[in-house]
Structures are given as C-alpha cells and as structure tokens.
Amino acid sequence: MKNKSIITLDNVSRDNLNELFNLADKISENEIKYNNVLKNKVVASLFFEPSTRTRFSFESAVFKLGGNVISLADAKSSSASKGESLSDTVKTVSMYSDLIVMRHNKDGSALVADNSIDIPLINAGDGAHYHPTQTMLDLYTIYKEKKTINNLTIGVCGDLKFGRTVHTLVKMLSKHYNVNFVFISPDKLKIPDYVKKKYLTNMNYKETSNLEDNIKDLDVLYMTRVQKERFFSEDEYIKLKDKYILNNKSLKVAKEDLIIMHPLPRNNEIAKEIDNDKRAVYFKQVKYGLYIRMALISLIIGDL
Ligand code: NCD
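Computed from a predicted structure; not experimentally measured.

As for the pattern of salt bridges
Now for step 1: Scanning the model with the defined rule gives 22 salt bridges in all.
Now for step 2: Here Asp-242 makes a salt bridge to Lys-241, at a shortest N to O gap of 3.1 Å.
Now for step 3: A relative accessible area of 34% places Asp-242 in the partly exposed class.
Now for step 4: Of the charged contacts, one joins Asp-277 and Arg-279 as a salt bridge, the two residues approaching to 3.0 Å between their closest N and O atoms.
Now for step 5: Judged by its relative accessible area of 10%, Arg-279 is buried.
Now for step 6: Because the salt bridges share partners, they merge into one network encompassing Asp-10, Lys-171 and Lys-175.

As structure tokens, this is what we get:
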C-alpha cells in the first residue's frame with residue numbers, strides 16, 4: 001500500500017486487508033519495535049468536522065510510530081473561514097507534510113482533496129459517504145473476536161441512511177467476504193438505494209424495523225447513532241433518535257458468543273448497563289483501531 005491514498009476503499013483488496021491485519025497483530029504484540037517507523041515524517045490531521053476518537057487515534061498512532069503531527073481540529077480556525085477553497089488548503093498543507101488525514105462534512109470532498117495534491121491522503125470520513133479506516137478497524141475487530149469474517153450473520157442497526165460507517169462496512173463485507181446481513185432501521189432511515197444497487201445485488205440480506213425478533217439470529221450486532229447533524233429537521237430527528245435501545249432485556253435471547261460493536265460516540269442506543277457484558281466489544285474496538293491505524297500509516301509512508 002506504499003504511497004496509496006485511502007478514499008473509498010475501491011483500491012484496497014482482500015490481500016491488502018490481510019497484510020494490514022497481520023501488521024496490526026505484530027504491532028500490538030510489540031509496539032516498541034515500531035517506534036521509529038515514521039522518523040522525520042510529518043502527518044497533517046485536518047478535521048473540518050467534530051471528532052474525538054478518530055483524530056486522537058490517528059494522532060496517537062503517528063506519535064507511537066515516532067512521527068510528528070500538525071493538526072487542525074476546528075474548521076473555524078483554518079483559512080477555510082476566510083473563503084479559501086478546500087483544494088488550496090490541502091495543497092498548502094501538503095507542502096508541509098508527508099501524509100494528510102482529513103475529515104470533512106461534504107460527500108466526495110476526500111476525492112476532491114486527493115486530486116489536488118501529490119502526497120497520499122486518508123479519508124477520515126466525508127459526509128454521509130465513506131469512512132474507510134473505521135471499516136478497516138471494524139473488520140479487524142470481527143476477525144479478532146470471531147476468528148473469522150466469513151459465514152457470519154451480521155445485524156446492522158440504527159441510522160443506515162446517513163451512517164457513513166455503515167455504508168463503508170457493507171461495501172467491504174459484500175466485496176470481500178461471504179456474510180448474511182440483517183438491516184434493522186426505522187423506515188425513514190433505511191439503507192440507501194445506491195448502496196443496495198452497488199453492493200447488495202448478490203448478497204443475502206433482509207430489511208426489518210424490528211430488533212427484538214431478529215437479535216437471536218445474529219453473530220455480530222453493529223449498533224449506530226442516529227446522525228443528528230445530517231437531518232434537515234430537528235422534529236424528525238427527535239421522532240427517530242430513541243427507536244432502538246439495546247439493554248439487558250433485549251440481550252436475553254441473543255447468542256452467548258454474539259459481539260456487540262458500535263463506532264461510537266453512542267447516544268441512547270446502547271444502555272450503559274450492558275458495558276460489562278462480555279459480548280460488548282465497542283471499547284475494545286477503539287483499541288483495535290489504534291493498531292489498525294498504526295499499521296495503515298506504516299504501510300503507506302513508513303520505513304518498515
Ligand atoms: C463515526 C463517524 O464519525 O462517522 N464515529 C467515528 O468515527 N468513530 C460514527 C458517528 O459519528 O456516529
């Protein structure tokens with residue numbers, strides 16, 4: 001993956017994923033061995049949209065690999081607020097850095113930015129479109145916790161319309177693995193047609209609005225937050241936001257070896273009471289994310 005940009009994951013093969021998972025395994029076993037891989041490298045982290053986990057995860061990954069970070073955590077403090085185009089901003093930043101990690105609220109912005117620069121760019125989320133590194137870490141979490149990604153029944157629940165982590169996960173699972181999907185959402189937040197047409201035509205999937213009746217069949221349950229920032233009306237958001245609340249009661253009929261994932265941040269869709277249930281892996285998922293991002297950055301610009 002040397003010098004590759006990661007925008008939509010179209011250019012990431014199953015072999016690339018295996019290489020990434022193997023390196024993440026090695027890094028997690030011996031972090032210190034990799035603490036010089038980014039010597040003299042500068043990574044620019046440009047977050048035009050709010051983030052805690054993703055930005056910190058990338059920045060922590062760079063520091064642990066011995067590299068340096070220059071960071072924009074708030075769009076208001078960049079020249080974008082003076083009317084500079086995205087392409088001019090990233091072109092400028094690319095003169096100071098070896099890799100750009102960018103999050104932006106507009107679908108497609110990562111591709112626009114990537115086309116403007118000569119260094120690699122990692123898309124850390126573009127609007128409701130894609131979130132490739134979240135999917136890499138989601139797949140790695142499934143692989144670590146279930147020991148396989150194939151032949152699983154994977155429930156995806158919540159905001160399937162606006163959730164970029166959902167769109168990217170569905171894309172990669174359907175391209176590279178053999179799984180059954182159960183899509184659980186209110187009618188208004190169903191998986192978009194473009195995702196269905198592009199990725200689900202040959203897949204086994206079911207759409208439902210009922211979590212209770214379907215939870216017993218699942219090997220993986222991927223919960224998501226209703227994406228308030230993508231709604232046009234507050235009233236509509238309020239009507240939908242608490243449709244699913246996973247709690248001890250809903251887990252009674254679930255498999256013993258189910259894993260419950262969430263890209264985080266959560267709102268009310270997972271009750272705190274299940275945080276100590278061994279099936280809840282969403283905080284482990286955060287840690288897996290650090291190793292995946294260390295592995296990814298090492299493969300793109302590292303001296304391995
Ligand atoms: C997700 C995102 O930003 O798309 N969070 C993350 O990166 N871990 C999910 C969300 O915000 O709901």
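Examining the pairing of strand β5 (residues 153-157)
Note on strand geometry: in a regular strand, side chains alternate between the two faces of the sheet.
Now for step 1: With five of five residues buried, β5 is to be regarded as a mostly interior element.
Now for step 2: Neither face of β5 is left uncovered, since the one carrying Thr-153, Gly-155 and Cys-157 and the one carrying Ile-154 and Val-156 both have all their residues buried.
Now for step 3: Strand direction decides the pairing type here: β5 and strand β6 (residues 180-184), joined by five bridges, are parallel. Across the sheet, residue Ile-154 finds its bridge partner in β6, namely Phe-181.
Now for step 4: Handedness of the β-α-β unit built from β5, helix α6 (residues 164-176) and β6 comes out right-handed.
Now for step 5: Note: β5 against strand β8 (residues 220-223), four bridges, orientation parallel. By the bridge assignment for β8, Ile-154 is matched with Val-220.

About the cut-offs
- Residues numbered from 1 in each chain as written.
- Predicted model: local features only at pLDDT ≥ 70, side-chain atom pairs only at ≥ 80, totals over all residues.
- Heavy atoms only, no water.
- Salt bridge = Lys/Arg side-chain N within 4 Å of Asp/Glu carboxyl O.
- Buried < 20%, exposed > 50% of the residue type's maximum accessible area, 1.4 Å probe, protein only.
- Helix = DSSP H or I, 4+ residues; strand = E, 2+ residues; numbered from the N terminus.
- Pairing = 2+ DSSP bridges.
- Right-handed = clockwise from strand over helix to strand, strands pointing away.

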